[in-house]
Amino acid sequence: MRRLNFDAVVIGGGHSGVEASYILAKAGFSVALVTQRKDFIGRMSCNPSVGGVGKGHLVREIDALGGLMAKIADKSGIQFRILNSSKGAAVQGLRCQSDRNRYSQEAIYALCAFKNLEILEGEAVSIESSSSVRGVWLEDGTFIKTKNCIIAAGTFLRGKLFTGMSVKDGGRVGEPPSKQLSLSLEKLRISLSRLKTGTPARLKKDSINYEILEKQEGDRTPEPFSLYSKPFPLLPQTCCYVTYTTEKTKQVVNKFLDKSPLFQGLIKGIGPRYCPSLEDKIVKFPHHERHQVFIEPDGVDSDLVYPNGISTSLPVEAQDEFIRTIPGLEEAKVEVYGYAVEYDFIQPTNLNFDLSLKGIDGLYFAGQVIGTTGYEEAAGLGLYSAYNIIKKLKGKAPFRLQRSESYLGVMVEDLVLKGVLEPYRLFTSRAEYRMLLDRHTAYRRLSKYAEEENLIPEEEKIFREEWENSFRKWVGALKKHKTKGGNCFEAVKRESSLENSLLNDFPIENPFMKNYLFSEIRNEGYRKRFAEEARKIEAALYVKLPKDLDYQKIAGLSREMVERLSAAKPETLLSASRIPGVTPAALSLLRIEIEKRRKK
Ligand SMILES: Cc1cc2nc3c(=O)[nH]c(=O)nc-3n(C[C@H](O)[C@H](O)[C@H](O)COP(=O)(O)OP(=O)(O)OC[C@H]3O[C@@H](n4cnc5c(N)ncnc54)[C@H](O)[C@@H]3O)c2cc1C
């Protein structure tokens, strides 16, 4: 039997596991990344893209915290766009189309650069633990001794793949599920539930009639995800296309509903409501005449395209037929058919705020396995759990981000306090303080935490300081330059349409700096007011609730409130406010109770 010993073991080389092992290795700890296939590390299971509204903010935060995703997204990006560019920065979304294979290669290169990180190809089958983790067993009999383990198994735990009425075991197309790990978790009395998600077919690039499709170009001067990406962009830039389903598509889909695993009850797990399959959209919105389909390239040298918007688990004959009812896809050749995957996940309410399991010290969970969906959410959670292991190994207090300082903080708190009823995706609307969380301010908000743990190399620190200095210089120059009715700074604040003409006098070529500067000018007054308001609200909400608080003894609290609060044991009033069903009236009673105790 082979015996190994590491500071931390990460199970799963998906987006969550990549980020977790990268951060742990960067912090200097010895890490084993156990994953089924080394060449599939960082594989994009679904769409070849990174970012979007909400998700794009998260990628910036990962960069500010010393993570990897932004850097490899920039290196593998083949089209960059700011979504919602006509709206305020708070709700804009930076998104890129990625070269699928290149993204994965960049993740592998980045991990292989660490001498203290070992990639072990194989299957983790059980966790050895009592009240704390002792190690991880692999299928080949290897035992890895460790006190810290992150399970980032994605959609693989007892995964089942559905295409029509045919069901196969699998974690993702062409990859086996992870069954034994599920059983091992159940032996530890961890209860697992089911969720599902799905993906569309992949089509041959040269079988599409692009002539009749709407072209969608990227931004002319694209903004990178990472402040530190240079040169950028690296790969040749390309475009996407847009088409729509037709009345005929509806008819074909309706004809095959009796062979849909979703509508015939084969799939029990709940899927993401905001990212439904085509059959789901057609059944739920019969009055919609058409649905948008984006034809997205899969990579620079790839001969495939990804038809975004027609995810399905209908049988292959239905897919062949409905795809050809879509303009431009009349002759489309399917390379891989769409399918749905159903998998085990653990309710995140079973976790502490550091993403470790309540009751087993050192056992952390991150990514899709705790009920999220999306590469960015998975990466953010991987990074967050790794930060907590770093803190633990250094004997420091757990790492916790507040809702008012990051989307990552919003996501972790939503998950741990509320749990999930369907796969959780990050939207800007989930953040009540989103005015304070736009993508430009991520470094100012978060890089201090990375610096505390030496996760930002010296040259990046220097670069960021120079960057902030240069920002201040531009602000100074704009304030000095007189124009009609005041200075240029005030003029742009009043009239954002002046931005372009201003660029003649102030040649700010870097798109990152330009967007940052104009967003700061536009939001200056508003953000200050908002920050002050948030500070006051938070001061009240972050008051710690006494650990010995007996909710039954608080006069006026209903039995339901007592049960909810006693079960969740919130640390603060803010945490109490996030518990589903806890009413504002109950919160007022709690506030009064704390006030009473303080006066005593
Ligand atoms: C079919 C499909 C459709 C999807 N559709 C969407 C979508 O529409 N929108 C969206 O945002 N997201 C979608 N996703 C989800 C997206 O792919 C995931 O959110 C993301 O990949 C999760 O990252 P992760 O790191 O948590 O897990 P994954 O990327 O799933 O990676 C898990 C890794 O763990 C490894 N692993 C698992 N068990 C073991 C074990 N016991 N031992 C060793 N290694 C193990 C696997 O080999 C894999 O490398 C879809 C995923 C799939 C599969």
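In this text, all values refer to a predicted model and were calculated from it rather than measured experimentally.

Chemist: I tried to follow the pattern of salt bridges on my own but got confused; where do I start?
Modeler: Pairing between side chains of opposite charge can happen when the charged atoms of each approach one another. The tally for this structure, following the rule as stated, stands at 45 salt bridges. D344 is the partner of R158 in a salt bridge, and the nearest nitrogen-oxygen pair spans 2.7 Å. With a gap of 186 residues between them, R158 in the loop between β11 (149–151) and β12 (160–163) and D344 in strand β21 (residues 339–346) connect regions that are remote in the sequence. By relative accessible area, which is 25% here, R158 ends up partly exposed. Take D344: its relative accessible area is 3%, and that puts it in the buried class. Residues E247 and K250 are paired through a salt bridge, measuring 3.8 Å at the closest nitrogen-oxygen approach. In this pair, E247 and K250 both sit in helix α6 (residues 247–255), three residues apart, roughly one turn of the helix. Under the relative-accessibility criterion, E247 is labelled partly exposed at 44%.

Chemist: Please explain the site of the ligand as it appears in this structure.
Modeler: The immediate surroundings of the ligand are formed by 35 residues, with S16, A124, S178, Q368 and G374 found nearest. Between the ligand and T35, the relevant distance is 3.4 Å, taken from an oxygen atom to a side-chain nitrogen or oxygen of the residue. Q368 places a side-chain nitrogen or oxygen 2.2 Å from an oxygen atom of the ligand. Calculation on the ligand without its partners gives an accessible area of 990 Å², and the protein chains cover 97% of this total. Those elements giving two or more residues to the shell around the ligand turn out to be α1 (15–26), β3 (31–35), β14 (192–199), β21 and α9 (375–393). Of the residues forming the shell around the ligand, the biggest block, three residues, is contributed by β14. When residues of the shell around the ligand are sorted by domain, at least three fall in each of domain 1 (3–195 + 344–452) and domain 2 (202–342).

Chemist: What is the right way to look at the layout of surface pockets in this model?
Modeler: Using a probe with the size of a water molecule, rolled over the atoms, empty space left in the structure can be pinpointed. Empty space within the second largest pocket amounts to approximately 880 Å³. If you list the elements that add at least two residues to the lining of the second largest pocket, you get α10 (407–418), α16 (559–568) and α17 (573–577). A per-element tally of the lining of the second largest pocket places α16 first, with five residues. Shared between two domains, the lining of the second largest pocket holds at least three residues of each, these being domain 1 (3–195 + 344–452) and domain 4 (551–599).

Chemist: In this structure, what is going on with unusual backbone geometry? I would like to understand it.
Modeler: The phi torsion of most residues other than glycine is negative, and most of the peptide bonds are trans. Here the bond from K230 into P231 is cis, since omega is -5°, no more than 30 degrees from zero. Mapped onto the fold, P231 is located in the loop between β16 (214–216) and β17 (240–244). Cis geometry marks the peptide bond from F232 to P233, where omega comes out at -15°. Summarising the element assignment, P233 is placed in the loop between β16 and β17.

Rules used throughout
Residue positions within a chain follow its written sequence, with the count starting from 1. pLDDT decides what is reported in this predicted model: residues at 70 or higher carry local features, side-chain atom pairs at 80 or more are listed and counted, and totals for whole chains, interfaces and linings draw on all residues regardless. As a rule here, side-chain values cover all heavy atoms of the structure and leave hydrogens and water aside. Any carboxyl oxygen of Asp or Glu that lies within 4 Å of a side-chain nitrogen of Lys or Arg is treated as forming a salt bridge with it. Working definition: helices are DSSP H or I runs of at least four residues, strands are E runs of at least two. Numbering for both runs from the N terminus. Burial classes follow relative accessibility: with a 1.4 Å probe on protein chains only, a residue under 20% of its type's maximum area counts as buried, one over 50% as exposed, and anything between as partly exposed. Nearness is defined per residue: one heavy atom within 4 Å of the molecule or strand is enough. Each polar contact in these results corresponds to two N or O atoms within 3.5 Å; when the atoms are within protein, one needs to be able to donate a hydrogen and the other to accept it, and residues that are neighboring in sequence are counted only if both atoms are side-chain atoms. Accessible surface is estimated by sampling points in the Shrake-Rupley manner with a 1.4 Å probe; for residues, cover comes only from the protein chains shown. Boundaries between domains were set according to an automatic or database domain assignment. For cavity detection a 1 Å grid was placed over the protein atoms alone, and a set of points counts as a cavity when a 1.4 Å probe fits there but cannot get out; an open set counts as a pocket when protein lies on both sides within 12 Å along at least five of seven lines, with lining residues being those that have an atom within 4 Å of a point. Grid points are joined across faces, edges and corners, and a volume is the space filled by probe spheres set on the points.

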